[in-house]
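A closer look at the structure
Letter by letter, the chains look like this.
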Amino acid sequence: MRKPIIAGNHKMNLTPLQTRNLLTELVKNLIDYDQVEIIVSPPFTSLAMADEVLRATDIQLAAQNVHQAAQGAYTGEVSAKMLKASGCQWVICGHSERRNLFQESNELVNKKIRAVTAMGLKPILCVGETLAERELGQTNQVLARQISGSLQGFQQSDLLELVVAYEPVWAIGTGKTAASADAEAGCQFIRSHLKTQFGPKLADSIRILYGGSVKPGNIKELMAEKNIDGALVGGASLKSADFLAIVKYHE
Ligand code: PGA
């Protein structure tokens, strides 16, 4: 009942022309492919080009970040309204690289999700523990704190389109994928926490993705887990053959 999502996060990679080439290749190979929802997230500078390539397709567009304010004197920032007008349906909020490299707190992520939902865009909330936190046995506490803080003050009705991505920081860009049992444990904990906060109906409908070194070789095993409803793919989303193999994991 939860349709799987495969989302590609291009991070700070690809010029508009390179984005066009990659997405053109995806579109060609995914005509009428409706087994999963497909999302791509290029950098801001490639959104207009991506929107042009994807407009007549089912592949959806996500931004990698947003500013929490509606508009104003925030040099270098981009608002939710601008993202919507650029063709985005989704916004990634609280990616660990933003939390760790750009000091984004749960409080800030909360404000960003508010800006996103107020504009009718859909948030992909990223959560995940660092290696040190995992080794101290704090994984669940960290996930609970990130979810509670990022979603504080929201009503169930605000979160009908929410997607959560469990991305253990130690697995991102390291080639070290979490064992599928560990990935499942994280996703299961997230769902149970959402259940206590927002009730079983919403928690059972929210799609929870795993992210961290997802590749063609491990996607099938990850997707076989009960609480993993898809993947947020970084490095492997930059090569069309790899991303296509991940999208078509059940073939
Ligand atoms: P990775 O990145 O697949 O390169 O590990 C995942 C992510 O950061 O979303």
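Reference entry: report on the structure contained in this document.

Reading the values: the criteria
Throughout this description, residue numbers start from 1 for each chain and increase along the sequence as written. The model is predicted, so local features are restricted to residues of pLDDT at least 70 and side-chain atom pairs to those at 80 or more, both for listing and for counting; the totals for chains, interfaces and linings are taken over all residues. Water and hydrogen atoms play no part in the side-chain values, which are based on all heavy atoms of the structure. Note on conventions: DSSP H or I runs of at least 4 residues are helices, E runs of at least 2 residues are strands, and numbering of each starts at the N terminus. With C-alpha atoms as the basis for the radius of gyration, the globule rule is written as 2.2 Å multiplied by the number of residues raised to the power 0.38. Note on contacts: a residue pair qualifies if any of its non-hydrogen atoms lie within 4.5 Å across the two residues. All accessibility values rest on the Shrake-Rupley procedure with a 1.4 Å probe; residue burial counts only the protein chains present in the view. Remark: nonpolar core denotes a set of buried residues (Ala, Val, Leu, Ile, Met, Phe, Trp, Tyr, Cys) joined through side-chain atoms within 4.5 Å. Burial classes: relative accessible area under 20% of the type maximum marks a residue as buried, over 50% as exposed, and values in between as partly exposed (1.4 Å probe, protein chains only). The span one expects for a helix is its residue count, reduced by one, times 1.5 Å. Picture the helix axis, draw a direction to every C-beta atom, and the arc is the one those directions span. What makes two strands pair is DSSP finding at least two bridges between them. Throughout, right-handed denotes a crossover for which the path from the first strand over the helix to the second runs clockwise when the strands point away from the viewer. Put simply, a residue is near a molecule or strand once any heavy atom of it comes within 4 Å of that molecule or strand. Under this definition, polar contacts are N or O atom pairs within 3.5 Å; protein pairs additionally need one hydrogen-donor-capable and one acceptor-capable atom, and for neighbouring residues in sequence, both atoms have to be side-chain atoms. Residues are grouped as follows: nonpolar covers Ala, Val, Leu, Ile, Met, Phe, Trp, Tyr, Cys and Pro; charged covers Asp, Glu, Lys and Arg; every other residue, Gly included, is treated as polar. Just to be clear on terms, a salt bridge is a Lys or Arg side-chain nitrogen sitting within 4 Å of an Asp or Glu carboxyl oxygen.

Thoughts on the overall build of the protein
Looking only at helices and strands, the protein has 11 helices and eight strands in total. Compactness check: the protein gives a C-alpha radius of gyration of 17 Å against a globular reference of 18 Å for 251 residues, within 12% of the reference. When contacts within the protein are restricted to residue pairs at least 6 apart in sequence, long-range pairs at least 24 apart make up 73% of them. Carbon and sulfur atoms make up 52% of the accessible area of the protein, which totals about 11,600 Å².

Some thoughts on the nonpolar core
Core analysis: the largest hydrophobic core is formed by 61 residues, its most contacted members being I6, L83, L151, I190, L194 and Y210. In terms of residues, this core owes the most to one element, helix α8 (residues 180-198), which gives five residues. Among the nonpolar cores identified, the runner-up in size contains 12 residues, and I124, A165, L209 and L232 belong to it.

Here's the deal with helix α1 (residues 16-29)
For α1, which comprises 14 residues, the first-to-last C-alpha distance of 20 Å matches the rise-based estimate of 20 Å (1.5 Å per residue) to within 8%. Along α1, the positions that sit buried rather than exposed are T19, L22, L23 and L26. Seen from one end, α1 has its buried residues packed into an arc of 90°, which puts them on one side.

Examining the pairing of strand β3 (residues 60-63)
Burial of the side chains of β3 extends over both faces: Q60 and A62 are buried on one face and L61 and A63 on the other. As judged from the two bridges shared by strand β2 (residues 37-41) and β3, these two strands associate in the parallel manner. Opposite I39, over in β3, you have Q60 as the bridge partner. A crossover connection joins β2 to the parallel β3 through helix α2 (residues 47-54); in handedness this β-α-β unit is right-handed. Remark: the β3/helix α3 (residues 80-85)/strand β4 (residues 90-93) crossover connection has right-handed handedness.

Things to note about the site of the ligand
As a matter of local geometry, the ligand sits amid 13 residues, with K11, H95, E167, G173 and S213 nearest to it. Contact between the ligand and K11: an oxygen atom at 2.7 Å from a side-chain N or O atom of the residue. H95 is positioned with one of its side-chain polar atoms (N or O) 2.7 Å from an oxygen atom of the ligand. A total of 290 Å² of accessible area belongs to the ligand in isolation, and the protein chains cover 95% of it. Its residues assigned to classes, the shell around the ligand comprises four nonpolar, seven polar and two charged.

Section: the pattern of salt bridges
Any two side chains of opposite charge can pair, given that their charged atoms come close. Following the criterion strictly, the structure yields 10 salt bridges and no others. Its salt-bridge partner being K28, residue E25 comes within 3.3 Å of it at the nearest N-O pair. Of this pair, E25 and K28 both sit in helix α1, separated by three residues, roughly a single helical turn. Its salt-bridge partner being E37, residue R207 comes within 2.8 Å of it at the nearest N-O pair. In this pair, R207 sits in strand β7 (residues 207-211) while E37 sits in strand β2, placing the two residues 170 residues apart along the sequence. Here R207 and E37 have matching classes, each one buried.

Regarding the side chain of H193
On the secondary structure map, H193 appears in helix α8. Engagement of the side chain of H193 in a polar contact is seen with the side chain of S148, the distance being 2.8 Å. Each residue touching H193, except ones within four places of it in the same chain, is listed here: A144, I147 and S148.

Looking at helix α11 (residues 240-247)
Regarding α11, the residues found buried are S240, F243, L244, I246 and V247. Along the axis of α11, the buried residues cluster in a sector spanning 160°; they form a single face. The elements touched by buried residues of α11 are β1 (5-9), α1, β2, α10 (219-223) and β8 (230-233).

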